[in-house]
Amino acid sequence: MAQEQASVQPKAGKPPEIEERSPESASLRGSMRVLWRTPSGRAGVILFVLLVILSIYVVFTYPIDFGKAEWSNPVYWADNPKTAPPAWTTWLGHDAIKQQSATLTTPSDVTQRGAAEVREFPFTIDVPGDIAPTFLAMTLTGIEFNARPPVIIVSMKRPDGAEVRLANISVQGPRPGETAPYQRYYDVPQRILLTQEQTAADSITQVYQQQYPGVPVNDIQNNLSEALFGKPNADGSGTIETLSGNYVVTAQVLVADPNDKVAGIDFVSGGNVYGMMGTDSLGRDLWRGLLYGFPVALIIAVVTSVVSTTIGTALGLLSGYRLGKTDIVIQRTGDIVSNLPALPLLVFLVFFLGSHLWLTMLVLVAFSWPGLTIVVRTMVLQIREGQLVEAAQALGASRTRIMTRHLFPQIAPYVVATTIFFAPGAILAEASLSFLGLGDPTIPTWGQMLEQGFQTGAVYVGYWWWVLPPGILIIATGVVFMLLALGMESVVD
(Lines give C-alpha, C1' and ligand atoms only; values in the text may rest on other atoms or scores of the structure.)
Protein backbone atom coordinates (compact mmCIF):
# COMPACT_ATOMS: atom_id res chain seq x y z
CA MET A 1 0.00 0.00 0.00
CA ALA A 2 2.86 2.35 0.85
CA GLN A 3 4.43 1.56 -2.52
CA GLU A 4 1.17 2.43 -4.32
CA GLN A 5 0.95 5.77 -2.51
CA ALA A 6 4.58 6.52 -3.31
CA SER A 7 3.96 5.89 -6.99
CA VAL A 8 1.54 8.80 -7.19
CA GLN A 9 3.66 11.30 -5.25
CA PRO A 10 4.82 14.22 -7.41
CA LYS A 11 8.55 14.68 -7.87
CA ALA A 12 10.28 17.72 -6.38
CA GLY A 13 6.93 19.22 -5.35
CA LYS A 14 5.67 19.66 -8.93
CA PRO A 15 2.03 18.91 -9.77
CA PRO A 16 1.58 15.60 -11.61
CA GLU A 17 -0.09 17.22 -14.61
CA ILE A 18 2.98 19.33 -15.45
CA GLU A 19 5.15 16.25 -15.97
CA GLU A 20 2.72 14.88 -18.57
CA ARG A 21 2.96 17.94 -20.82
CA SER A 22 5.39 18.13 -23.72
CA PRO A 23 8.10 20.76 -23.19
CA GLU A 24 7.19 22.69 -26.36
CA SER A 25 3.44 23.00 -25.75
CA ALA A 26 3.78 23.78 -22.06
CA SER A 27 4.08 27.53 -22.73
CA LEU A 28 2.22 30.07 -24.82
CA ARG A 29 5.32 30.68 -26.94
CA GLY A 30 5.70 26.98 -27.61
CA SER A 31 2.02 26.68 -28.52
CA MET A 32 2.35 29.53 -30.99
CA ARG A 33 5.36 27.82 -32.61
CA VAL A 34 3.35 24.63 -33.05
CA LEU A 35 0.40 26.63 -34.45
CA TRP A 36 2.66 28.50 -36.89
CA ARG A 37 4.09 25.26 -38.34
CA THR A 38 0.73 24.23 -39.84
CA PRO A 39 -0.41 25.90 -43.10
CA SER A 40 -3.94 26.46 -41.77
CA GLY A 41 -2.60 27.85 -38.50
CA ARG A 42 -0.20 30.20 -40.28
CA ALA A 43 -2.95 31.50 -42.57
CA GLY A 44 -5.37 31.85 -39.66
CA VAL A 45 -2.88 33.83 -37.56
CA ILE A 46 -2.02 36.20 -40.42
CA LEU A 47 -5.67 36.87 -41.24
CA PHE A 48 -6.63 37.23 -37.58
CA VAL A 49 -3.82 39.78 -37.03
CA LEU A 50 -5.09 41.70 -40.06
CA LEU A 51 -8.60 41.62 -38.58
CA VAL A 52 -7.28 43.00 -35.28
CA ILE A 53 -5.25 45.74 -37.01
CA LEU A 54 -8.27 46.93 -38.98
CA SER A 55 -10.38 46.89 -35.82
CA ILE A 56 -7.80 48.96 -33.93
CA TYR A 57 -7.64 51.42 -36.82
CA VAL A 58 -11.42 51.90 -36.70
CA VAL A 59 -11.45 52.29 -32.91
CA PHE A 60 -8.87 55.09 -33.02
CA THR A 61 -10.06 56.93 -36.14
CA TYR A 62 -13.86 56.70 -36.02
CA PRO A 63 -15.98 58.79 -33.63
CA ILE A 64 -17.42 56.91 -30.68
CA ASP A 65 -20.97 57.72 -31.78
CA PHE A 66 -20.35 56.91 -35.46
CA GLY A 67 -23.55 54.89 -35.71
CA LYS A 68 -25.88 57.60 -34.43
CA ALA A 69 -24.04 60.75 -35.48
CA GLU A 70 -23.01 59.71 -38.98
CA TRP A 71 -24.25 56.35 -40.27
CA SER A 72 -27.88 56.81 -39.21
CA ASN A 73 -27.94 60.52 -40.07
CA PRO A 74 -29.06 61.10 -43.70
CA VAL A 75 -28.01 64.77 -43.55
CA TYR A 76 -24.37 63.75 -43.06
CA TRP A 77 -24.37 61.94 -46.44
CA ALA A 78 -26.52 64.46 -48.32
CA ASP A 79 -23.67 65.55 -50.62
CA ASN A 80 -22.82 62.02 -51.74
CA PRO A 81 -24.30 60.50 -54.92
CA LYS A 82 -26.97 57.88 -54.34
CA THR A 83 -26.38 54.20 -55.25
CA ALA A 84 -23.11 55.06 -56.97
CA PRO A 85 -20.71 52.20 -57.84
CA PRO A 86 -17.07 52.26 -56.66
CA ALA A 87 -14.72 54.70 -58.37
CA TRP A 88 -12.42 51.89 -59.51
CA THR A 89 -15.14 50.55 -61.82
CA THR A 90 -13.92 53.15 -64.33
CA TRP A 91 -11.00 50.76 -64.94
CA LEU A 92 -13.55 48.26 -66.21
CA GLY A 93 -14.80 50.65 -68.88
CA HIS A 94 -17.62 52.22 -66.84
CA ASP A 95 -18.39 55.74 -68.09
CA ALA A 96 -18.16 58.01 -65.10
CA ILE A 97 -17.62 61.49 -63.77
CA LYS A 98 -16.05 61.81 -60.35
CA GLN A 99 -17.40 63.94 -57.55
CA GLN A 100 -15.79 67.37 -57.20
CA SER A 101 -15.99 69.53 -54.10
CA ALA A 102 -14.38 72.57 -52.46
CA THR A 103 -14.64 74.50 -49.19
CA LEU A 104 -14.13 78.23 -49.67
CA THR A 105 -13.44 80.44 -46.66
CA THR A 106 -11.74 83.42 -48.35
CA PRO A 107 -13.27 85.39 -51.25
CA SER A 108 -11.25 85.55 -54.46
CA ASP A 109 -12.36 89.11 -55.12
CA VAL A 110 -14.01 91.93 -53.17
CA THR A 111 -15.69 94.85 -55.01
CA GLN A 112 -18.06 97.67 -54.16
CA ARG A 113 -21.52 97.82 -55.69
CA GLY A 114 -23.21 100.96 -54.47
CA ALA A 115 -23.51 100.75 -50.68
CA ALA A 116 -22.93 97.00 -50.69
CA GLU A 117 -19.66 95.09 -50.59
CA VAL A 118 -19.59 92.12 -52.97
CA ARG A 119 -17.48 89.08 -52.06
CA GLU A 120 -17.01 86.45 -54.72
CA PHE A 121 -16.46 82.73 -54.04
CA PRO A 122 -15.79 80.85 -57.33
CA PHE A 123 -15.85 77.07 -57.81
CA THR A 124 -14.64 75.44 -61.05
CA ILE A 125 -16.18 72.20 -62.33
CA ASP A 126 -14.44 70.15 -65.00
CA VAL A 127 -16.75 68.14 -67.26
CA PRO A 128 -14.34 66.18 -69.48
CA GLY A 129 -16.63 63.80 -71.33
CA ASP A 130 -20.19 62.86 -72.13
CA ILE A 131 -21.37 62.39 -68.54
CA ALA A 132 -22.90 65.38 -66.71
CA PRO A 133 -22.69 65.86 -62.92
CA THR A 134 -25.63 64.27 -61.15
CA PHE A 135 -26.31 67.31 -58.95
CA LEU A 136 -24.89 70.65 -57.82
CA ALA A 137 -25.18 71.72 -54.18
CA MET A 138 -23.99 74.63 -52.05
CA THR A 139 -23.81 74.70 -48.24
CA LEU A 140 -23.51 77.85 -46.11
CA THR A 141 -21.55 76.94 -42.97
CA GLY A 142 -21.90 80.25 -41.09
CA ILE A 143 -22.83 83.89 -41.64
CA GLU A 144 -22.59 86.77 -39.15
CA PHE A 145 -24.01 90.26 -39.81
CA ASN A 146 -24.50 93.42 -37.77
CA ALA A 147 -27.45 95.22 -39.38
CA ARG A 148 -28.94 94.24 -42.72
CA PRO A 149 -28.81 90.52 -43.63
CA PRO A 150 -26.59 89.57 -46.59
CA VAL A 151 -27.97 88.53 -49.97
CA ILE A 152 -26.33 85.68 -51.89
CA ILE A 153 -26.50 85.43 -55.68
CA VAL A 154 -25.31 82.18 -57.27
CA SER A 155 -24.55 82.02 -60.98
CA MET A 156 -22.68 79.72 -63.37
CA LYS A 157 -20.55 80.56 -66.40
CA ARG A 158 -20.83 77.82 -69.06
CA PRO A 159 -18.23 76.81 -71.69
CA ASP A 160 -20.48 78.22 -74.44
CA GLY A 161 -20.23 81.68 -72.87
CA ALA A 162 -23.73 81.74 -71.39
CA GLU A 163 -24.28 82.76 -67.77
CA VAL A 164 -27.02 81.04 -65.78
CA ARG A 165 -28.52 82.43 -62.60
CA LEU A 166 -28.84 79.45 -60.22
CA ALA A 167 -30.30 80.91 -57.02
CA ASN A 168 -31.08 84.08 -55.10
CA ILE A 169 -30.73 83.49 -51.36
CA SER A 170 -31.87 85.91 -48.68
CA VAL A 171 -30.50 85.37 -45.18
CA GLN A 172 -33.09 85.62 -42.42
CA GLY A 173 -33.10 89.01 -40.68
CA PRO A 174 -33.02 89.77 -36.94
CA ARG A 175 -35.56 87.99 -34.78
CA PRO A 176 -37.58 89.77 -32.05
CA GLY A 177 -35.36 90.27 -29.00
CA GLU A 178 -32.18 89.24 -30.81
CA THR A 179 -29.14 91.50 -30.49
CA ALA A 180 -26.29 92.10 -32.92
CA PRO A 181 -24.14 90.52 -34.16
CA TYR A 182 -26.62 88.07 -35.65
CA GLN A 183 -25.43 84.56 -36.51
CA ARG A 184 -26.98 82.17 -39.01
CA TYR A 185 -26.14 78.63 -40.18
CA TYR A 186 -23.46 77.95 -37.55
CA ASP A 187 -25.29 75.26 -35.61
CA VAL A 188 -27.18 73.85 -38.61
CA PRO A 189 -25.56 74.62 -41.99
CA GLN A 190 -27.89 75.66 -44.79
CA ARG A 191 -27.73 73.33 -47.81
CA ILE A 192 -29.16 74.48 -51.14
CA LEU A 193 -29.59 71.93 -53.93
CA LEU A 194 -28.99 74.24 -56.88
CA THR A 195 -30.15 71.67 -59.44
CA GLN A 196 -33.66 71.83 -57.97
CA GLU A 197 -34.01 75.62 -57.81
CA GLN A 198 -36.79 77.17 -59.88
CA THR A 199 -34.50 80.14 -60.59
CA ALA A 200 -32.02 77.79 -62.28
CA ALA A 201 -34.77 76.15 -64.36
CA ASP A 202 -36.11 79.49 -65.59
CA SER A 203 -32.65 80.82 -66.35
CA ILE A 204 -31.41 77.80 -68.34
CA THR A 205 -34.67 77.78 -70.31
CA GLN A 206 -34.01 81.39 -71.28
CA VAL A 207 -30.40 80.57 -72.20
CA TYR A 208 -31.56 77.73 -74.47
CA GLN A 209 -34.01 80.02 -76.23
CA GLN A 210 -31.31 82.62 -76.82
CA GLN A 211 -28.32 80.37 -77.61
CA TYR A 212 -30.11 77.57 -79.47
CA PRO A 213 -33.26 79.09 -80.99
CA GLY A 214 -35.67 76.70 -82.66
CA VAL A 215 -34.08 73.55 -81.15
CA PRO A 216 -36.69 71.71 -79.05
CA VAL A 217 -35.94 70.49 -75.51
CA ASN A 218 -38.15 68.14 -73.53
CA ASP A 219 -38.89 68.60 -69.81
CA ILE A 220 -36.04 70.78 -68.53
CA GLN A 221 -37.57 70.92 -65.05
CA ASN A 222 -37.17 67.19 -64.43
CA ASN A 223 -33.74 67.03 -66.11
CA LEU A 224 -32.30 70.23 -64.69
CA SER A 225 -28.84 68.85 -63.91
CA GLU A 226 -28.42 67.56 -67.48
CA ALA A 227 -29.73 70.87 -68.85
CA LEU A 228 -27.34 73.01 -66.80
CA PHE A 229 -24.35 70.99 -68.01
CA GLY A 230 -25.53 70.37 -71.55
CA LYS A 231 -27.12 71.71 -74.72
CA PRO A 232 -30.05 70.69 -76.89
CA ASN A 233 -29.34 67.83 -79.27
CA ALA A 234 -29.05 69.19 -82.80
CA ASP A 235 -31.03 66.28 -84.29
CA GLY A 236 -34.26 67.82 -82.99
CA SER A 237 -35.15 64.84 -80.78
CA GLY A 238 -35.64 67.08 -77.74
CA THR A 239 -32.88 65.34 -75.78
CA ILE A 240 -29.90 66.99 -74.12
CA GLU A 241 -26.25 66.18 -74.81
CA THR A 242 -23.47 66.98 -72.35
CA LEU A 243 -21.44 70.11 -73.06
CA SER A 244 -17.87 69.35 -72.02
CA GLY A 245 -15.51 72.00 -70.64
CA ASN A 246 -15.01 74.09 -67.52
CA TYR A 247 -17.95 75.54 -65.62
CA VAL A 248 -17.39 78.28 -63.05
CA VAL A 249 -20.00 78.55 -60.30
CA THR A 250 -19.74 81.82 -58.37
CA ALA A 251 -21.46 82.76 -55.13
CA GLN A 252 -21.63 86.54 -54.72
CA VAL A 253 -22.26 87.58 -51.12
CA LEU A 254 -23.58 91.14 -50.83
CA VAL A 255 -23.02 92.58 -47.32
CA ALA A 256 -24.03 96.01 -46.00
CA ASP A 257 -21.28 96.14 -43.37
CA PRO A 258 -17.61 95.32 -44.12
CA ASN A 259 -17.42 93.71 -40.68
CA ASP A 260 -19.97 91.06 -41.64
CA LYS A 261 -18.43 87.58 -41.81
CA VAL A 262 -18.83 84.53 -44.02
CA ALA A 263 -17.40 81.45 -42.28
CA GLY A 264 -17.36 79.27 -45.36
CA ILE A 265 -19.17 78.07 -48.46
CA ASP A 266 -19.05 74.41 -49.56
CA PHE A 267 -19.66 73.45 -53.17
CA VAL A 268 -20.26 69.88 -54.36
CA SER A 269 -20.64 68.65 -57.92
CA GLY A 270 -22.02 65.14 -57.72
CA GLY A 271 -20.50 62.26 -59.67
CA ASN A 272 -21.90 58.87 -60.62
CA VAL A 273 -19.10 56.89 -58.90
CA TYR A 274 -17.79 57.20 -55.37
CA GLY A 275 -15.03 55.90 -53.12
CA MET A 276 -13.70 52.39 -52.64
CA MET A 277 -17.04 50.58 -52.34
CA GLY A 278 -19.67 52.98 -53.64
CA THR A 279 -22.75 54.28 -51.84
CA ASP A 280 -26.21 53.06 -50.87
CA SER A 281 -29.60 54.64 -51.49
CA LEU A 282 -28.95 57.28 -48.80
CA GLY A 283 -25.53 58.17 -50.17
CA ARG A 284 -23.70 56.51 -47.27
CA ASP A 285 -20.09 55.56 -47.96
CA LEU A 286 -20.22 51.76 -47.85
CA TRP A 287 -16.44 51.53 -47.38
CA ARG A 288 -16.72 53.32 -44.03
CA GLY A 289 -19.55 51.03 -42.99
CA LEU A 290 -17.63 47.92 -44.00
CA LEU A 291 -14.58 49.02 -42.01
CA TYR A 292 -16.73 49.74 -38.96
CA GLY A 293 -18.04 46.19 -39.17
CA PHE A 294 -14.60 44.71 -38.36
CA PRO A 295 -14.44 45.67 -34.64
CA VAL A 296 -18.16 44.93 -34.29
CA ALA A 297 -17.67 41.43 -35.72
CA LEU A 298 -14.60 40.89 -33.53
CA ILE A 299 -16.47 41.95 -30.39
CA ILE A 300 -19.44 39.73 -31.24
CA ALA A 301 -17.19 36.75 -31.98
CA VAL A 302 -14.85 37.04 -28.99
CA VAL A 303 -17.31 38.11 -26.30
CA THR A 304 -20.08 35.72 -27.29
CA SER A 305 -17.82 32.69 -27.75
CA VAL A 306 -15.77 33.30 -24.58
CA VAL A 307 -18.78 33.92 -22.35
CA SER A 308 -20.72 30.97 -23.83
CA THR A 309 -17.86 28.50 -23.43
CA THR A 310 -17.06 29.80 -19.94
CA ILE A 311 -20.62 29.25 -18.78
CA GLY A 312 -20.93 25.89 -20.53
CA THR A 313 -17.57 24.63 -19.26
CA ALA A 314 -18.18 25.76 -15.66
CA LEU A 315 -21.63 24.16 -15.51
CA GLY A 316 -20.37 20.99 -17.20
CA LEU A 317 -17.52 20.63 -14.68
CA LEU A 318 -19.86 21.25 -11.76
CA SER A 319 -22.50 18.87 -13.11
CA GLY A 320 -20.10 16.04 -13.94
CA TYR A 321 -18.11 16.20 -10.70
CA ARG A 322 -20.72 17.05 -8.08
CA LEU A 323 -23.53 14.85 -9.48
CA GLY A 324 -26.64 14.44 -7.29
CA LYS A 325 -29.11 17.33 -7.13
CA THR A 326 -26.61 19.75 -8.67
CA ASP A 327 -26.32 17.55 -11.72
CA ILE A 328 -30.10 17.19 -12.01
CA VAL A 329 -30.73 20.96 -11.76
CA ILE A 330 -28.07 21.86 -14.34
CA GLN A 331 -29.12 19.17 -16.81
CA ARG A 332 -32.84 19.94 -16.57
CA THR A 333 -32.12 23.67 -16.96
CA GLY A 334 -30.05 22.91 -20.04
CA ASP A 335 -32.88 20.80 -21.47
CA ILE A 336 -35.36 23.63 -20.94
CA VAL A 337 -33.09 26.26 -22.54
CA SER A 338 -32.32 23.97 -25.48
CA ASN A 339 -36.03 23.55 -26.24
CA LEU A 340 -36.99 27.22 -25.96
CA PRO A 341 -37.61 28.93 -29.34
CA ALA A 342 -34.83 31.54 -29.56
CA LEU A 343 -36.19 33.60 -32.45
CA PRO A 344 -39.70 34.27 -31.03
CA LEU A 345 -38.10 35.12 -27.67
CA LEU A 346 -35.76 37.61 -29.33
CA VAL A 347 -38.67 39.21 -31.21
CA PHE A 348 -40.52 39.53 -27.89
CA LEU A 349 -37.51 41.14 -26.18
CA VAL A 350 -36.89 43.51 -29.09
CA PHE A 351 -40.52 44.60 -28.96
CA PHE A 352 -40.25 45.60 -25.29
CA LEU A 353 -36.57 46.58 -24.94
CA GLY A 354 -35.78 47.82 -28.45
CA SER A 355 -33.14 46.67 -30.93
CA HIS A 356 -29.75 46.66 -29.23
CA LEU A 357 -26.53 44.83 -30.03
CA TRP A 358 -26.06 43.81 -26.40
CA LEU A 359 -29.52 42.21 -26.42
CA THR A 360 -28.64 40.14 -29.49
CA MET A 361 -25.39 39.01 -27.88
CA LEU A 362 -27.21 38.18 -24.65
CA VAL A 363 -29.65 35.92 -26.47
CA LEU A 364 -26.82 34.22 -28.37
CA VAL A 365 -25.00 33.51 -25.09
CA ALA A 366 -28.14 32.35 -23.32
CA PHE A 367 -28.87 29.69 -25.96
CA SER A 368 -25.30 28.54 -26.70
CA TRP A 369 -24.12 26.95 -23.45
CA PRO A 370 -26.33 23.81 -23.01
CA GLY A 371 -24.67 21.75 -25.75
CA LEU A 372 -21.18 22.34 -24.40
CA THR A 373 -22.35 21.62 -20.85
CA ILE A 374 -23.59 18.15 -21.85
CA VAL A 375 -20.34 17.27 -23.65
CA VAL A 376 -18.12 18.56 -20.83
CA ARG A 377 -20.18 16.64 -18.26
CA THR A 378 -19.66 13.43 -20.22
CA MET A 379 -15.91 14.00 -20.38
CA VAL A 380 -15.72 14.81 -16.65
CA LEU A 381 -17.62 11.63 -15.74
CA GLN A 382 -14.83 9.61 -17.39
CA ILE A 383 -11.91 11.66 -16.06
CA ARG A 384 -13.13 11.74 -12.44
CA GLU A 385 -12.65 7.98 -12.21
CA GLY A 386 -8.98 8.21 -13.23
CA GLN A 387 -5.97 7.75 -10.99
CA LEU A 388 -5.01 11.44 -11.13
CA VAL A 389 -8.27 12.55 -9.51
CA GLU A 390 -8.15 9.68 -6.99
CA ALA A 391 -4.62 10.71 -6.00
CA ALA A 392 -5.68 14.30 -5.55
CA GLN A 393 -8.62 13.23 -3.37
CA ALA A 394 -6.30 11.03 -1.33
CA LEU A 395 -4.01 13.99 -0.73
CA GLY A 396 -6.96 16.01 0.58
CA ALA A 397 -7.41 18.42 -2.34
CA SER A 398 -10.62 20.44 -2.25
CA ARG A 399 -13.36 20.03 -4.84
CA THR A 400 -12.60 23.43 -6.34
CA ARG A 401 -8.92 22.59 -6.71
CA ILE A 402 -9.69 19.23 -8.27
CA MET A 403 -12.04 20.81 -10.82
CA THR A 404 -9.72 23.69 -11.71
CA ARG A 405 -6.30 22.00 -11.45
CA HIS A 406 -6.97 18.38 -12.37
CA LEU A 407 -10.18 18.17 -14.40
CA PHE A 408 -10.17 21.39 -16.41
CA PRO A 409 -6.61 21.03 -17.83
CA GLN A 410 -7.61 17.70 -19.36
CA ILE A 411 -10.67 19.12 -21.12
CA ALA A 412 -9.03 22.47 -21.93
CA PRO A 413 -7.99 21.43 -25.47
CA TYR A 414 -11.60 20.67 -26.36
CA VAL A 415 -12.81 23.89 -24.70
CA VAL A 416 -10.28 26.02 -26.61
CA ALA A 417 -11.26 24.44 -29.91
CA THR A 418 -14.95 24.91 -29.10
CA THR A 419 -14.37 28.60 -28.26
CA ILE A 420 -12.81 29.18 -31.66
CA PHE A 421 -15.59 27.24 -33.41
CA PHE A 422 -18.24 29.27 -31.57
CA ALA A 423 -16.82 32.57 -32.93
CA PRO A 424 -17.89 32.27 -36.59
CA GLY A 425 -21.22 30.85 -35.47
CA ALA A 426 -21.83 33.99 -33.40
CA ILE A 427 -21.00 36.26 -36.35
CA LEU A 428 -23.32 34.32 -38.68
CA ALA A 429 -26.08 34.31 -36.06
CA GLU A 430 -25.88 38.10 -35.58
CA ALA A 431 -25.85 38.61 -39.35
CA SER A 432 -28.93 36.39 -39.69
CA LEU A 433 -30.79 38.28 -36.97
CA SER A 434 -29.83 41.63 -38.50
CA PHE A 435 -30.97 40.36 -41.89
CA LEU A 436 -34.36 39.67 -40.34
CA GLY A 437 -34.49 43.27 -39.06
CA LEU A 438 -33.73 42.41 -35.42
CA GLY A 439 -30.31 44.09 -35.29
CA ASP A 440 -29.34 47.40 -33.73
CA PRO A 441 -30.11 50.14 -36.32
CA THR A 442 -27.61 52.56 -34.72
CA ILE A 443 -24.62 50.21 -35.18
CA PRO A 444 -23.74 49.31 -38.77
CA THR A 445 -22.96 45.61 -39.07
CA TRP A 446 -22.42 43.54 -42.19
CA GLY A 447 -25.68 41.70 -41.63
CA GLN A 448 -27.55 44.97 -41.31
CA MET A 449 -26.02 46.26 -44.56
CA LEU A 450 -27.17 43.08 -46.30
CA GLU A 451 -30.68 43.51 -44.91
CA GLN A 452 -30.92 47.10 -46.11
CA GLY A 453 -29.64 46.10 -49.53
CA PHE A 454 -32.26 43.38 -49.94
CA GLN A 455 -34.98 45.59 -48.48
CA THR A 456 -34.39 48.31 -51.09
CA GLY A 457 -34.10 45.83 -53.96
CA ALA A 458 -30.36 46.26 -54.56
CA VAL A 459 -30.07 42.66 -55.73
CA TYR A 460 -32.74 43.02 -58.40
CA VAL A 461 -31.47 46.31 -59.88
CA GLY A 462 -27.81 45.26 -59.98
CA TYR A 463 -26.27 47.18 -57.09
CA TRP A 464 -23.76 44.39 -56.47
CA TRP A 465 -21.36 46.63 -54.50
CA TRP A 466 -24.03 46.99 -51.82
CA VAL A 467 -24.59 43.24 -51.31
CA LEU A 468 -21.46 41.27 -52.24
CA PRO A 469 -18.81 42.96 -50.00
CA PRO A 470 -20.62 42.49 -46.65
CA GLY A 471 -21.53 38.91 -47.58
CA ILE A 472 -17.93 38.12 -48.54
CA LEU A 473 -16.60 39.67 -45.32
CA ILE A 474 -18.99 37.58 -43.20
CA ILE A 475 -17.78 34.41 -44.90
CA ALA A 476 -14.11 35.47 -44.80
CA THR A 477 -14.24 36.25 -41.07
CA GLY A 478 -15.78 32.86 -40.40
CA VAL A 479 -13.02 31.21 -42.45
CA VAL A 480 -10.38 32.99 -40.33
CA PHE A 481 -11.64 31.39 -37.15
CA MET A 482 -12.06 28.03 -38.86
CA LEU A 483 -8.41 28.12 -39.96
CA LEU A 484 -7.37 28.95 -36.42
CA ALA A 485 -9.42 26.04 -35.11
CA LEU A 486 -7.82 23.64 -37.59
CA GLY A 487 -4.39 24.93 -36.69
CA MET A 488 -5.10 24.51 -32.99
CA GLU A 489 -5.50 20.75 -33.43
CA SER A 490 -1.73 20.28 -33.41
CA VAL A 491 -1.50 22.31 -30.20
CA VAL A 492 -4.34 20.79 -28.22
CA ASP A 493 -3.58 17.22 -29.24
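Basis of the calculations
- Every chain is numbered on its own, with residues counted from 1 as its sequence reads.
- It should be noted that, the model being predicted, local features are given only for residues of pLDDT at least 70 and side-chain atom pairs only at 80 or more, the latter also being counted only at that level, while totals for whole chains, interfaces and linings use all residues.
- Side-chain measures here rest on the full set of heavy atoms in the structure, leaving out hydrogens and waters.
- In short, DSSP must find at least two bridges between two strands for them to pair.
- Comment: elements are numbered from the N terminus, with helices defined as DSSP H or I runs of at least four residues and strands as E runs of at least two.
- Relative accessible area decides the class of each residue, using a 1.4 Å probe on protein chains only: under 20% of the type maximum gives buried, over 50% gives exposed, and in between gives partly exposed.
- Only rings of Phe, Tyr and Trp enter the pairing, Trp through its six-membered ring, and a pair is recorded when the two centres are within 6.5 Å. The plane angle decides the type: under 30 degrees is stacked, over 60 is edge-to-face, the rest tilted.
- A ring is scored as having a charge over it whenever the NZ atom of a lysine or the CZ atom of an arginine sits within 6 Å of its centre and within 35 degrees of its normal.

Caption draft 1: Summary view of the sheet that holds strand β13 (residues 261–262). Ordered by their spatial adjacency, three strands build an open sheet running β8-β5-β13, and the pairing between neighbours is antiparallel. At either margin of the open sheet sits one strand with a lone partner, and together these are β8 (182–184) and β13. Where strand β5 (residues 143–145) and β8 come together, three bridges link them in antiparallel fashion. What sits directly across from Ile-143, in β8, is Arg-184.

Caption draft 2: How the structure looks around unusual backbone geometry. For the bond from Ala-180 to Pro-181, the omega torsion is 0°, close enough to zero to count as cis. One non-glycine residue, Thr-83, lies in positive phi territory at about 45°. As for its position among the elements, Thr-83 is in the loop between α5 (66–71) and β1 (100–104). Non-glycine residue Leu-323 carries a positive phi angle of around 55°. Its location among the elements puts Leu-323 in the loop between α8 (286–322) and α9 (324–339). Look at Leu-323 and you get partly exposed, because its relative accessible area is 28%.

Caption draft 3: Up close: the packing of aromatic side chains. All told, the structure shown has 15 aromatic pairs when counted by the stated rule. On the numbers, 4.9 Å between centres and 35° between planes, the contact of Phe-66 with Tyr-292 is tilted. A residue pair is termed long-range when its members are at least 10 positions apart, and Phe-66 in helix α5 and Tyr-292 in helix α8 qualify at 226 residues. Considered together, Phe-66 and Tyr-292 belong to a single accessibility category, that of buried residues. Their ring planes at 85° and their centres at 5.7 Å tell us that Trp-464 and Trp-465 sit as a pair that is edge-to-face. One aromatic cluster is present, built from ring pairs that chain together Tyr-62, Phe-66, Trp-71, Tyr-76, Trp-77 and Tyr-292. Lying across the ring of Trp-36, Arg-42 places its NZ or CZ 5.6 Å from the centre. Here Arg-288 stacks its cationic end above the ring of Tyr-62, 4.6 Å away from the centre of that ring.

The values are spatial; any link to function lies outside them.
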